[in-house]
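# A structural walkthrough
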Amino acid sequence: MTKRLRMARLSLSFIFIAMLIVGMLGPMFAQANEHGEPHVLIMNVDGIINSVKERFISRAIEQAEEDNATLLIIQLDTPGGLLGATREIVQLLLETPVPVAVYVSPKGARAGSAGTFITAAGNIAVMAPGSNIGAATPISATGDDLEDTLASKIENDTAALIRSIAQVRGRNQDKLEAMVRSAASYSAQEALAYNVVDLITEDVDDLLAKVDGLRAEVASGTVVLETTGLETRFFNMNILEHFLEFISNPNVSFILLTVGGLGIVVEIFNTGLVAPGVVGVICLLLAF
């Protein structure tokens, strides 16, 4: 009886270990099999363009390259953002190893200010009907106009950047520069007519049908897109990026700064409480 019990225990232990190994290695094998399959990677970028968005796009490009994706689609809807982060994203898009289509969508979306540079920098620039692009004149972080000398320097710098992007991607330099110098904005139809964007499509399926056979210049050379019938996969922000996106909101930053200051003041007037001081320091660090 005891021998049978031992055998049963050994069998159960073996089965448990085998299931554990299969459970751990199964996803790895499945992921390895997926890497070689042609597919389209899709990501959504909406809201203010900041360093979090730059990190998100950088990760997506790396993932697309690692998984051997045929095309990365950035669905964009933004009022604008930080110039520094925008420049970083433009560099990523101009040096991408994977073809990237920047798609201003859904209908009614906009590629305002920073979004203009990002859209122009994509291998393929696409807009949904009813969307718009432009108004890329630089302003201060508070939304006010810049002082004359500083405004002139930044405007000339960003105008040169948009011209450089236009030259690399073969787009209309004059119309793109007008978005920077005179805050010009265009509807999807106008942008297509002016050669600011390449296509207008109803949705992702329509986009994939229309880009099939087009050429894209990537870091390794010219790629001919073959997108008919490809599987689509979605790429999302991770937990850290969601957290950083949340605290980067100016309203949240102000609240953290206020709570942090109050915590420090309470600790100063009530030495030894510890908790208010610790909370205050953490809030101030997060705010900064």
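Each remark here, short or long, concerns the structure printed above.
Residues numbered from 1 in each chain as written. Predicted model: local features only at pLDDT ≥ 70, side-chain atom pairs only at ≥ 80, totals over all residues. Heavy atoms only, no water.

### Things to note about a nonpolar patch on the surface
Applicable threshold: Patch definition: residues above 30% relative accessible area lacking any salt bridge, with like charges linked at up to 9 Å and the nonpolar side chains Val, Leu, Ile, Met, Phe, Trp and Tyr linked at up to 5 Å. Only the protein chains shown count as cover for residues, with accessible areas throughout obtained via the Shrake-Rupley method and a probe of 1.4 Å. By convention in these notes, a salt bridge is any Lys or Arg side-chain nitrogen within 4 Å of a carboxyl oxygen on Asp or Glu. Numbered from the N terminus, helices here are DSSP runs of H or I no shorter than four residues, and strands are runs of E no shorter than two. For every residue, the accessible area (1.4 Å probe, protein chains only) is compared with the maximum for its type, and the residue is labelled buried under 20%, exposed over 50%, or partly exposed between those bounds.
A grouping of Leu240, Phe243, Val274, Val278, Ile282 and Leu286 is seen on the molecular surface, where their side chains present a nonpolar patch of about 490 Å² in accessible area. Looking at the nonpolar patch, the elements that each hand over two or more residues are helix H9 (239–247) and helix H11 (275–287). Among the elements that make up the nonpolar patch, the one with the highest residue count is H11 (3 residues). Among the secondary structure elements, Leu240 is positioned in helix H9. Judged by relative accessible area, which is 43%, Leu240 ranks as partly exposed.

### Thoughts on the pairing of strand E9 (residues 215–218)
Using the following cut-off: Strand pairing is defined by DSSP finding a minimum of two bridges between the two strands.
Every second residue of E9 is oriented toward a common face, the buried set being Ala216 and Val218 and the non-buried set Arg215 and Glu217. Pairing between E9 and strand E10 (residues 221–224): 4 bridges, direction antiparallel. Residue Ala216 lies in a different strand from E10, and its bridge partner there is Val223. Between the antiparallel neighbours E9 and E10 lie 2 residues.

### Things to note about the pattern of salt bridges
Here the structure, examined in full by the defined rule, presents 12 salt bridges. Here Arg233 ties to Glu231 by a salt bridge, and the two come within 3.3 Å at their closest N and O atoms. Accessibility expressed as a relative area gives 13% for Arg233, which makes it buried. When salt bridges that share partners are traced, they join Glu155, Arg163, Glu177 and Arg181 into one network.

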